[in-house]
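# Topology and contacts: notes
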Amino acid sequence: QVQLVESGGGLVQPGGSLRLSCAASGSIFSIRDMGWYRQAPGKQRELVAAITSGGNSNYADSVKGRFTISRDTAKKTVYLQMNSLKAEDTAVYYCNCRITTTLHYTRNYWGQGTQVTVSS
């Protein structure tokens with residue numbers, strides 16, 4: 001059993017900052033890629049940022065220079081630091097991790113989602 005628990009969402013004014021966290025727990029052998037997706041009302045879920053086990057990261061063009069993804073391997077946690085937030089960043093943010101379990105079964109797991117609302 002593997003769980004991903006997200007935290008850090010909320011309401012923030014345009015230009016503000018938020019930091020999202022996603023902690024993985026359970027029968028985990030290793031974690032490969034970790035990432036953040038978002039889904040705004042009426043839109044498809046899209047990749048925001050991802051980071052490999054080696055620390056290489058990539059970002060959606062819309063967040064480059066404003067968002068930073070990082071991970072703490074020991075804590076099995078991925079973070080998303082979001083600065084200079086815009087109204088168009090409003091969405092439910094989901095954590096996604098590619099995890100190998102202790103039974104050596106590998107698949108992608110999703111968190112439950114955390115709401116980020118950017119509004120004055």
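Residues numbered from 1 in each chain as written. Predicted model: local features only at pLDDT ≥ 70, side-chain atom pairs only at ≥ 80, totals over all residues. Heavy atoms only, no water.

## Considerations on the packing of aromatic side chains
By the definition in use, this model includes two aromatic pairs. On the basis of an interplanar angle of 65° and a centroid distance of 5.0 Å, the ring pair of Tyr37 and Trp110 is categorised as edge-to-face. Within this pair, whereas Tyr37 is found in strand S4 (residues 28-39), its partner Trp110 is found in strand S10 (residues 106-110), the two being separated by 73 residues in sequence. Exposure remark for Tyr37: the relative accessible area of 24% places this residue in the partly exposed category. Under the relative-accessibility criterion, Trp110 is labelled partly exposed at 39%. (Phe/Tyr/Trp six-rings, centres within 6.5 Å; stacked < 30°, edge-to-face > 60°. Helix = DSSP H or I, 4+ residues; strand = E, 2+ residues; numbered from the N terminus. Buried < 20%, exposed > 50% of the residue type's maximum accessible area, 1.4 Å probe, protein only.)

## Section: the side chain of Glu6
Within the secondary structure, Glu6 is located in strand S1 (residues 2-7). Arg45 provides the closest opposite charge to the buried, salt-bridge-free Glu6, at an N-O distance of 7.8 Å. Within the structure, Glu6 has its side chain in polar contact with the backbone nitrogen of Gln112 (distance 3.4 Å). A distance of 2.4 Å separates the side chain of Glu6 from the backbone nitrogen of Gly113, its partner in a polar contact. Each residue touching Glu6, except ones within four places of it in the same chain, is listed here: Ser21, Cys22, Trp36, Tyr93, Tyr94, Cys95, Gly111, Gln112, Gly113 and Thr114. (Lys, Arg positive; Asp, Glu negative; His and termini not counted. Salt bridge = Lys/Arg side-chain N within 4 Å of Asp/Glu carboxyl O. Polar contact = N/O pair within 3.5 Å; in protein donor to acceptor, adjacent residues only side chain to side chain. Contact = heavy atoms within 4.5 Å.)

## A word on the state of the cysteines
Taken as a whole and judged by the stated rule, the model has one disulfide. The residue that forms a disulfide with Cys22 is Cys95, at a sulfur-sulfur distance of 2.2 Å. Sign of the S-S torsion, about -80° for the bond between Cys22 and Cys95, identifies this disulfide as left-handed. In this pair, Cys22 sits in strand S3 (residues 18-26) while Cys95 sits in strand S9 (residues 91-101), placing the two residues 73 residues apart along the sequence. (Disulfide = S-S within 2.5 Å.)

## Here we look at the pattern of salt bridges
With the rule as written, the count across this model stands at four salt bridges. Ionic pairing is found between Arg38 and Asp89, a salt bridge with its closest N-O pair at 3.0 Å. On the criterion of sequence distance, the pair formed by Arg38 in strand S4 and Asp89 in the loop between strand S8 (77-82) and S9 is long-range, its members being 51 residues apart. The exposure classification of Arg38 matches that of Asp89, with both residues buried. If you follow the salt bridges from partner to partner, you end up with Arg38, Glu46, Arg66 and Asp89 in one network.

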